[in-house]
Structures are given as C-alpha cells and as structure tokens.
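Read off the chains here:
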Amino acid sequence: MMILITGGSKCGKSSQAEKLLQNISENKYYLATMKPFGEDAQKAIIRHRTMRKAKNFITIEQYTDIDKIQIPVHSAVLLECMGNLCANEMFRDDEIFYPVEKIIRNLKVLHSMTDMLVIVTNEVGMDGITYSSETMQYISAMAELNQTIAQMADAIIECVCGIPLIIKGEMSC
C-alpha cells in the first residue's frame, strides 16, 4: 500500500504518518531526506532520531537515490519528505536537474520492497508569488511529483490544522 500525506507547513503531516505506522513493530524504516546544514539542523536530527527510535523506527539518512537503500522485503517505510528529496536531486552538483522521472522511477523501486510506503510531501506554489526561475522550476517539479504520486497512491490524506482529511481511498486515521 502507498499512502501520500500532503499539506502545508507544520500542519501535522509527520505525526499522521507516524501514527499510520505505530502498530508495526518490525522492519519499520524512517527514510529521512533532509540534509543537515548547520548546528541547529544537527541538533534537530539527533532529537528526531531519538524520538523515532522510541517508536521502533530504524532511521536511514538518504538524501538522493532512494532506490539504493537496503531494506528487507515487506518492510514499512515512511519517506520524509518529498520536498527535501526533490530539492536534493534537483540542485546537486552545482547544476539544475529536473528530477521528476528519476524520483518516480526510484519510488517504484522502493515501493516494490515495501508492504506499506507512507510519503510525506508539501503543498508548494499556492501563494501565487512569482519567484526566481530556479524556485519556479522547483515548484513545477513538486507539482508534477505530487500529481504523479497521487495517481499511484492507494490513499491520500491532507492534513489541515492537525486534522487528517481523507482525499482518496479508505482508511481509519
């Protein structure tokens, strides 16, 4: 099963994603995609790893190339988050690369190894502001990724003010 969780900043997406996997005790992985920039990020990563370990998650830090992770077949994976993964793939090696096809291909590989894949993503581009060309390319890539993943997903949850709203599929939140 693939579940996409979307919403704005600080709306409860991560908590909802973790809640969906709370009853799984073995082979539960947290695929963290945020690159640690600076001391504050390092502290946050340590805090998050400790918190996830208490919830029986095994953390894998993988900033790009998510198809390369090694996990047992039939695992449960929480991918946090598509926004970071897209930026990491797009702006690596001092050049801009449109990463949608690669990320979708890699997601399919990852999904084939899992019984449950929960993907956290972000709503971007809703403010109507025109940004630099690089940022507009990122917003475009995120829109295409979100739409493609939404088509692939068995269920979609949008979090609004901490409330999960089921957009597609059936499940108990």
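Residues numbered from 1 in each chain as written. Predicted model: local features only at pLDDT ≥ 70, side-chain atom pairs only at ≥ 80, totals over all residues. Heavy atoms only, no water.

S.K.: I keep staring at the overall build of the protein chain and nothing clicks. Help me out?
M.R.: Scanning the protein chain from N- to C-terminus turns up five helices and seven strands. Beginning at the N terminus, the succession of helices and strands in the protein chain can be written as β-α-β-α-β-β-α-α-β-α-β-β. By the compact-globule yardstick of 16 Å for 173 residues, the protein chain fits well, its C-alpha radius of gyration being 15 Å. By principal-axis analysis of the C-alpha atoms, the protein chain measures approximately 45 × 35 × 30 Å. Considering the protein chain as a whole, with its 173 residues, one finds that 42% of them fall into the buried category. Residue pairs at least 24 apart in sequence account for 73% of intrachain contacts in the protein chain once pairs closer than 6 positions are excluded. When the accessible surface of the protein chain is summed, it comes to about 9,300 Å², and 52% of that surface belongs to carbon and sulfur atoms. Within the protein chain, the 21 negative side-chain charges are centred at a point lying 7 Å from the centre of the 17 positive side-chain charges. (Helix = DSSP H or I, 4+ residues; strand = E, 2+ residues; numbered from the N terminus. Rg over C-alpha atoms; globule rule 2.2 N^0.38 Å. Buried < 20%, exposed > 50% of the residue type's maximum accessible area, 1.4 Å probe, protein only. Contact = heavy atoms within 4.5 Å. Areas by Shrake-Rupley, 256 points an atom, 1.4 Å probe, with all protein chains shown as cover. Lys, Arg positive; Asp, Glu negative; His and termini not counted. Charge placed at Lys NZ, Arg CZ, Asp CG, Glu CD.)

S.K.: What is the right way to look at the packing of aromatic side chains in this model?
M.R.: By convention here, two paired aromatic rings are described through the distance between centres and the angle between planes. Counted according to the given criterion, the structure contains one aromatic pair. Judged by centre distance (5.3 Å) and plane angle (85 degrees), the ring pair of Tyr30 and Phe57 falls under edge-to-face. Remark: Phe57 occurs in the loop between helix H2 (38–54) and strand E3 (58–61) and Tyr30 occurs in strand E2 (residues 28–32); sequence separation between them is 27 residues. Assessed through its relative accessible area of 4%, Tyr30 is described here as buried. The ring of Phe57 has Lys28 lying over it, and the distance from NZ or CZ to the ring centre is 4.6 Å. (Phe/Tyr/Trp six-rings, centres within 6.5 Å; stacked < 30°, edge-to-face > 60°. Lys NZ or Arg CZ within 6 Å of the ring centre and 35° of its normal.)

S.K.: Sorry, what's going on with the packing of helix H3 (residues 82–90) against helix H4 (residues 100–112) here?
M.R.: When two helices pack together, their arrangement is given by the angle between their axes and by how far apart the axes lie. With their axes 10 Å apart at the nearest point, H3 and H4 run at an angle of 125 degrees to one another. Considering the angle they form, H3 stands oblique to H4. Along this stretch, H3 crosses H4, giving a crossing that reads as right-handed. Across the interface between the two elements, Met82, Leu85, Cys86 and Glu89 from H3 touch Lys102, Ile103, Asn106 and Leu107 from H4. Looking at the contact of H3 with H4, its residues break down into five nonpolar, one polar and two charged. (Axes fitted to C-alpha atoms, helices over the stretch in contact; angles between N-to-C directions. Parallel < 35°, antiparallel > 145°, perpendicular 65-115°, else oblique. Left-handed = near helix turned anticlockwise from the far one by under 90°. Nonpolar A, V, L, I, M, F, W, Y, C, P; charged D, E, K, R; others polar.)

S.K.: Teacher, can you tell me more about the environment of Ser132 here?
M.R.: Structurally, Ser132 can be placed in the loop between strand E5 (114–120) and helix H5 (133–152). Among the residues examined, Ser132 registers a relative accessible area of 37% and is labelled partly exposed. The spatial distance from the C-alpha of Ser132 to the C-alpha of Glu39 is 28 Å, given a sequence separation of 93 residues.

S.K.: Would you mind showing me how to read the sheet that holds strand E4 (residues 75–80) here?
M.R.: Within a sheet, neighbouring strands are paired by backbone hydrogen bonds and run either parallel or antiparallel to one another. Strand order in this open sheet of seven strands is E3-E2-E4-E5-E1-E6-E7, and the pairing throughout is mixed. Either end of the sheet is taken by a strand with one partner, and the two such strands are E3 and strand E7 (163–168). Mean inter-strand twist for the sheet, computed between neighbouring axes without regard to direction, equals 20 degrees. Relative to E7, strand E6 (residues 155–160) runs antiparallel, the two sharing five bridges. (Pairing = 2+ DSSP bridges.)

S.K.: In this structure, what is going on with the pattern of salt bridges? I would like to understand it.
M.R.: For side chains bearing opposite charge, pairing can occur when the charged atoms are close. A complete count under the given rule lists seven salt bridges for this structure. A salt bridge links Glu18 to Lys55; the nearest nitrogen and oxygen atoms lie 2.5 Å apart. Of this pair, Glu18 sits in helix H1 (residues 13–20) while Lys55 sits in the loop between H2 and E3, placing them 37 residues apart in sequence. Residue Glu18 is classed as buried on the basis of its relative accessible area, which comes to 9%. Notably, a salt bridge pairs Lys68 with Asp67, separated by 3.7 Å at the nearest N-O pair. Among the residues examined, Lys68 registers a relative accessible area of 53% and is labelled exposed. (Salt bridge = Lys/Arg side-chain N within 4 Å of Asp/Glu carboxyl O.)

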